[in-house]
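Breakdown of the fold
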Amino acid sequence: MRVPAVRSARERPAACFLLLLVALPGLAACSGTQSALDPHGPVADSIATTWWVLFWGAGAILALVMGLVLYAMFRDPERKARLPHLPFLVGAGLVFPTLVLTALVVFGTLVGRDITRASDDALVIEVTGHQWWWEVRYPATADAPEVVTANELHLPVGVPVEFVIESADVVHSFWIPNLGGKVDMIPGRSNTLRLEASRPGRFRAQCAEFCGAQHSRMGFIAIATEADEFERWRRARAVAPDASGPGLARFDALGCSGCHALGGRPAEGGTGPVLAHFAERPTVGAGAAANTPGALRAWLADHGARMKPGSLGPAQRRLDDADVEAIARLLEQQR
Ligand code: CUA
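Here is a short report on the structure shown in this document. (Residues numbered from 1 in each chain as written. Predicted model: local features only at pLDDT ≥ 70, side-chain atom pairs only at ≥ 80, totals over all residues. Heavy atoms only, no water.)

1. Section: the state of the cysteines
What is meant by a disulfide is a covalent connection between two cysteines, made through their sulfur atoms. As enumerated under the stated definition, the model contains 0 disulfides in all. C256 takes part in no disulfide bond, and the closest cysteine sulfur to it belongs to C259, at a distance of 8.8 Å. With a relative accessible area of 17%, C256 lands in the buried category. (Disulfide = S-S within 2.5 Å. Buried < 20%, exposed > 50% of the residue type's maximum accessible area, 1.4 Å probe, protein only.)

2. Quick word on the pairing of strand β4 (residues 152–156)
With respect to burial, β4 is a largely interior element, 5 of its 5 residues being buried. As judged from the 5 bridges shared by β4 and strand β10 (residues 219–225), these two strands associate in the parallel manner. If you follow H154 over to β10, its bridge partner there is I223. (Helix = DSSP H or I, 4+ residues; strand = E, 2+ residues; numbered from the N terminus. Pairing = 2+ DSSP bridges.)

3. Topic: a nonpolar patch on the surface
Residues I61, L64, V65, L68, V69, F88, L89 and F96 make up a contiguous nonpolar surface patch of roughly 620 Å² in combined accessible area. When residues of the nonpolar patch are traced back to their parent elements, those giving at least two are α2 (42–74) and α3 (85–115). Examining the composition of the nonpolar patch, we find that 5 residues originate from one element, α2, more than from any other. Within the secondary structure layout, L64 lies in helix α2. (Patch = residues over 30% accessible without salt bridge, like charges linked within 9 Å, V, L, I, M, F, W, Y side chains within 5 Å. Areas by Shrake-Rupley, 256 points an atom, 1.4 Å probe, with all protein chains shown as cover. Salt bridge = Lys/Arg side-chain N within 4 Å of Asp/Glu carboxyl O.)

4. A look at the layout of surface pockets
The computed volume of the largest pocket comes to approximately 720 Å³. Lining of the largest pocket is provided by 36 residues; of these, H260, G272, P273, W299 and H303 occupy positions nearest its centre. Elements with a contribution of two residues or more to the lining of the largest pocket: β11 (283–284), α6 (293–302) and α7 (321–332). Residue contributions to the lining of the largest pocket peak at 3 residues, all from α6. Looking at side-chain class alone, the lining of the largest pocket contains 20 nonpolar, 12 polar and 4 charged residues. Lining the second largest pocket are 29 residues; nearest its centre among them are V148, A261, G263, V274 and A276. Within the residue set of the lining of the second largest pocket, elements represented by two or more residues are β2 (133–138) and β3 (147–150). The dominant element in the lining of the second largest pocket, judged by the number of residues it contributes, is β3, at 4 residues. (1 Å grid on protein atoms, 1.4 Å probe; cavity = no way out; pocket = protein on both sides within 12 Å on 5 of 7 lines; lining within 4 Å. Points joined across faces, edges and corners; volume = space filled by probe spheres on them. Nonpolar A, V, L, I, M, F, W, Y, C, P; charged D, E, K, R; others polar.)

Here it is as structure tokens:
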């Protein structure tokens with residue numbers, strides 16, 4: 001398609017403004033399972049409201065300024081200006097920005113106070129970032145044992161959650177756009193983030209700080225369920241799944257058990273993702289692919305070297321077809 005040339009400096013601002021208007025319907029695409037504009041919780045609601053206030057506020061001011069620019073460009077230079085100079089300069093140059101900025105500071109302070117408010121009955125979930133996966137720990141409480149999992153996160157609807165956020169290697173950033181803001185995961189430091197899901201759903205979370213070659217594929221699925229369903233999930237996860245059969249001997253012989261906990265067995269010292277209950281995870285490789293039989297076997301064939309090159313696991317390892325099948329069946333029994 002041939003785009004008509006913009007012929008003069010006069011036409012350029014008008015063309016930009018038209019382009020902006022044409023692009024507006026694109027915002028309709030901002031809903032979905034990884035969007036801050038499709039909020040599913042009170043914190044996310046506040047953030048989305050802030051976004052829309054800034055968007056429409058800035059849009060209105062842009063329209064006003066563009067109107068003045070067009071007026072200045074197209075008015076008859078022979079005619080005397082209708083706008084009185086001094087009151088206009090003081091009003092539009094001092095009073096108006098002062099009012100707008102003061103209102104924004106007050107609004108921003110109130111929203112900030114809302115989204116950082118602590119809650120005494122919050123559920124604590126510890127999340128640690130690794131290159132490139134997520135370790136998720138539910139500390140033991142008076143009536144629930146500790147649960148440790150990886151690359152998936154379950155949370156109950158209507159319960160405030162306090163995330164304790166850390167990193168084991170480089171700086172990552174923890175972000176579930178549909179539920180709220182992001183916070184950096186910094187080695188040697190604990191940050192906290194408070195979120196709450198107001199209705200059930202599955203939301204994609206994404207590392208939001210460049211952390212190396214696989215930063216864009218450092219994701220996970222957050223699953224919000226009703227509180228009783230969450231409690232059932234938590235109790236089920238505290239029970240170690242069966243780990244037996246020919247796959248287990250190969251798992252040990254190949255050295256997988258050095259890094260990965262499986263069934264009820266801890267890892268022997270390494271720090272790979274825990275694999276107990278792996279079969280119930282939504283994804284393989286921390287968001288690299290959906291957890292399908294094909295994706296699992298593709299990952300196992302070279303320990304993710306093609307699906308997630310650069311991962312800290314021993315990517316040089318190549319398994320033959322029999323070992324891939326044996327380990328895949330072992331993992332598929334981790335329910
Ligand atoms: Cu982790 Cu980007």
